[in-house]
Amino acid sequence: MKKYIKITSFLFLFAAALSSCSTDFLDVVPQGSQLAVSTNDYNLLMNYRNFYYYEAGSAMQAPIWMGDEISANESDLNSNNILAQRLFKWEDVIYQPSDDSFSTNRDLTLGLSNIYVCNKIINEVMTSTEGTDAQKRALRAEAMATRAFENFLMTNLYTKPYAAATASTDLGFPVITSAEVTATSFERGTVQQTYDFIINDLTQAIADLPLKNTIRTRMSKPAAEGLLGKVYLFMGKYTEALPYLNAAFADLQSSSDGPRLYDYNVEFSDGGSFLPIDSYAGPNSPGNNKNDLTESVLSKVCYNTYAGNGPGINGSTLSAETAALYLSSDLRLNLYSPTYQYGDANPYGRLRKYAAQYTRFGLELSELYLLRAECKARLNDLSGAIDDVEMLRNNRMPVADAAVPSNIAGNQTALIKFILEERIREFANEGYRWFDMRRLSVDANTELAATVKKTHTAFDNSNVPTTYNLRPERLTLQFPQRYMNANPGMQNNQ
């Protein structure tokens, strides 16, 4: 059983922060009078629940509704809360003061609370009592890498996509390094400064992180290496990304009990662990079991099902274009059902992801393969890219169907597109696509940039469509007005 620091005033106040109506940008309550003292106290702080289990309304719930790979059942969408509707329609203002509880953006609240805890550990652990220098440095490294993860998530919601030509002038996410909750003035800086901060945190952390941590909900060296490779790839810096992605694989292979890919050919066969398939909730796959860490390099889980406090996933379906990306033999189709959210048959056959009570968005081994495959393809190592993408596909469908088509294998741009489509096939309806849309929108390869779709379609019960259009400005969310009111000197996104 995982243990937590027993500092009552500190943790209970942080739990309250998620529903707090405080008025500063950090949106957390003042520090408690009882503080962490020993190195083990800070070790237990790294077990802070919000580092690995993100409640309803946070993490990937907003991105789920904005990705271009989905459509929606209008009746289900309208029965969901107002946030899902606004996100799906790419409206300018998602969180309005008149929404009461919905005016509290849980992504921002949770992210900033997590950054606060990281800053506390980073700033204090080296002067803690009892522990060794190596233990303290490892904990500081964990906190730095975790802070980098949170900042990377926030910048992919609240800043423009990274573009080298404009990163030094585009508004960034505030760089927060103190654990002073009384601070009320925050400078946004630039996107370049935000990414430099993320890279610096990860680069410094890697040297002191353990090859294998006590549990995969906590940072390890391969997790940080993989994350840094992902950051560089999202910046379009493929030469810098590949060594870190390779290092992550090398470090994972040094452990005999690291993450492994599920072979869907096995798990969906007689006696397989994903069976039986429940007609309402779907198979017993990782999306329905938050404690399944089998494929996780770094496990972070977002609760998806609508619970009254966030947009959830109910009402979202695959678009026809996305459904057409799958071969009929692709066993990932078992994660979808042609039914409405309450189990009634959808006569028009649209697929909803019913095996997705939880989205895993830390760093999954499947994503690590696809990140490296894309990076290799970008650097024109086509055979290496094919090896990586086929490693995943061999575990998701019959091997006879898993090969990259020959008309794609020898064409660099076509192969990159295929790998990006594989990311959709692997992570559709889970929010990943939104982040890919952002970076592809500024891709120097115009053919790849053109793959970003700019419409959403909702269908009523008679299959009549309503279309909504994406404006480039909405690739970046606006900060909720309640945060802007509390920080009048901070500029909002347009």
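Residues numbered from 1 in each chain as written. Predicted model: local features only at pLDDT ≥ 70, side-chain atom pairs only at ≥ 80, totals over all residues. Heavy atoms only, no water.

A. Structural detail: the sheet that holds strand β8 (residues 358-360). With mixed pairing, the 3 strands of this open sheet are ordered in space as β1-β4-β8. Because the sheet does not close on itself, it has two edges, and the strands there are β1 (53-54) and β8. (Pairing = 2+ DSSP bridges. Helix = DSSP H or I, 4+ residues; strand = E, 2+ residues; numbered from the N terminus.)

B. The sheet that holds strand β5 (residues 316-318), seen in detail. Ordered in space as β5-β2-β10-β11, the 4 strands form an open sheet in which the pairing is mixed. The open sheet terminates on both sides in strands that have one partner only, identified here as β5 and β11 (465-469). Averaged over all adjacent pairs, the angle separating strand axes in this sheet is 35°, with direction ignored. The pairing of strand β10 (residues 455-459) with β11 spans 5 bridges and is classified as antiparallel. Paired with T457 across the two strands is T467, which belongs to β11. (Axes fitted to C-alpha atoms, helices over the stretch in contact; angles between N-to-C directions.)

C. Summary view of the packing of aromatic side chains. Within the structure shown, the criterion is met by 20 aromatic pairs. Here the aromatic rings of F249 and Y369 are separated by 4.8 Å at their centres, their planes lie at 55°, and the arrangement is tilted. In this pair, F249 sits in helix α10 (residues 238-253) while Y369 sits in helix α13 (residues 365-378), placing the two residues 120 residues apart along the sequence. Accessibility classification places F249 together with Y369 in one group, the buried group. Here a set of aromatic residues connected by ring pairs shows up, and it is made of F152, Y162, Y195 and F234. Above the plane of the ring of Y280 lies R352, whose end atom (NZ or CZ) is 5.9 Å from the centre. (Phe/Tyr/Trp six-rings, centres within 6.5 Å; stacked < 30°, edge-to-face > 60°. Buried < 20%, exposed > 50% of the residue type's maximum accessible area, 1.4 Å probe, protein only. Lys NZ or Arg CZ within 6 Å of the ring centre and 35° of its normal.)

D. Just helix α16 (residues 412-427), in detail. With 16 residues, α16 ought to run about 22 Å at 1.5 Å a step, and its terminal C-alpha atoms sit 23 Å apart, in line with that. Extensive coverage of α16 is indicated by the burial of 12 of its 16 residues. Among all positions of α16, only T413, L415, I416, F418, I419, L420, E422, R423, I424, R425, E426 and F427 are buried. At the N-terminal boundary of α16, the capping side chain belongs to N411, with an oxygen 3.2 Å from the backbone nitrogen of T413. (Expected span 1.5 Å × (residues − 1). Polar contact = N/O pair within 3.5 Å; in protein donor to acceptor, adjacent residues only side chain to side chain.)

E. Representation of the confidence of the model for the protein in the model. The predicted model of the protein has a mean per-residue pLDDT of 88, with 89% of residues at 70 or higher. Ignoring residues within four places in sequence, the model shows residues 1-34, a span with pLDDT below 50, making 89 contacts including any to other chains. (pLDDT = per-residue confidence, 0-100. Contact = heavy atoms within 4.5 Å.)

F. Just the pairing of β10, in detail. Across the 5 residues of β10, 4 count as buried, placing the element largely inside the fold. Bridge analysis of strand β2 (residues 70-73) against β10 gives 2 bridges, and the strand direction is parallel. Within the sheet, the bridge partner assigned to A72 lies in β10 and is A458.

G. Main features of the pattern of salt bridges. Tallying each qualifying case throughout the model produces 28 salt bridges. Each of K230, E367, E374, R378, R423, D436, R439 and D443 takes part in a single network of salt bridges with overlapping partners. (Salt bridge = Lys/Arg side-chain N within 4 Å of Asp/Glu carboxyl O.)

H. Structural detail: the layout of surface pockets. The space that makes up the largest pocket amounts to roughly 440 Å³. Surrounding the largest pocket, 26 residues form its lining, K160, P161, P472, E473 and T476 being those nearest its centre. Grouping the amino acids of the lining of the largest pocket by side-chain chemistry returns 11 nonpolar, 8 polar and 7 charged. (1 Å grid on protein atoms, 1.4 Å probe; cavity = no way out; pocket = protein on both sides within 12 Å on 5 of 7 lines; lining within 4 Å. Points joined across faces, edges and corners; volume = space filled by probe spheres on them. Nonpolar A, V, L, I, M, F, W, Y, C, P; charged D, E, K, R; others polar.)

I. Here's a closer look at the environment of N265. By secondary structure assignment, the location of N265 is in helix α11 (residues 264-267). In this structure, the C-alpha to C-alpha distance between N265 and D330, residues 65 residues apart in sequence, is 9.6 Å. When near neighbours in sequence (up to four residues on either side) are disregarded, N265 contacts L331, N394, N395, M397 and P398. A polar contact is formed between the side chain of N265 and the backbone oxygen of N394, at a distance of 3.2 Å. In this structure the side chain of N265 is engaged in a polar contact, spanning 2.9 Å, whose partner is the backbone oxygen of M397.

J. Here's a closer look at the environment of C302. Relative to the elements of secondary structure, C302 occurs in strand β4 (residues 301-303). Note on C302: relative accessible area 0%, which makes it buried. Residues contacting C302, with those up to four places away along its chain left out, are Y54, S58, A59, M60, Q61, Q357, Y358, T359 and F361.

K. The side chain of E422, seen in detail. Looking at the secondary structure, you find E422 in helix α16. At 2.8 Å, the side chain of E422 and the side chain of R425 are in polar contact.

L. Structural context of the environment of D460. Along the polypeptide, D460 turns up in the loop between β10 and β11. Linking D460 and N73, residues 387 residues apart in sequence, is a C-alpha distance of 6.3 Å. Not counting the four nearest positions on each side in its chain, D460 is found in contact with E74 and R350. Only 2.8 Å separates the side chain of D460 from the backbone nitrogen of V464, close enough to count as a polar contact.

M. Molecular detail of the side chain of N151. Counting through the fold element by element, N151 comes out in helix α7 (residues 133-158). For N151, the contacting residues outside a window of four places in its chain are I115, F173, P174, F197 and I198.

N. Seen up close, unusual backbone geometry. Following L275, the chain continues into P276 via a peptide bond in cis, with omega recorded as 0°. Take P276: it is sitting in the loop between α11 and β3 (296-298). With phi around 55°, W90 is a residue other than glycine that occupies positive phi space. Positionally, W90 belongs in the loop between α5 (82-88) and α6 (106-124). Residue classification places W90 among the buried residues on the basis of a relative accessible area of 5%. Even without glycine at this site, E130 takes up a positive phi of about 80°. The residue E130 is located in the loop between α6 and α7 in this model.

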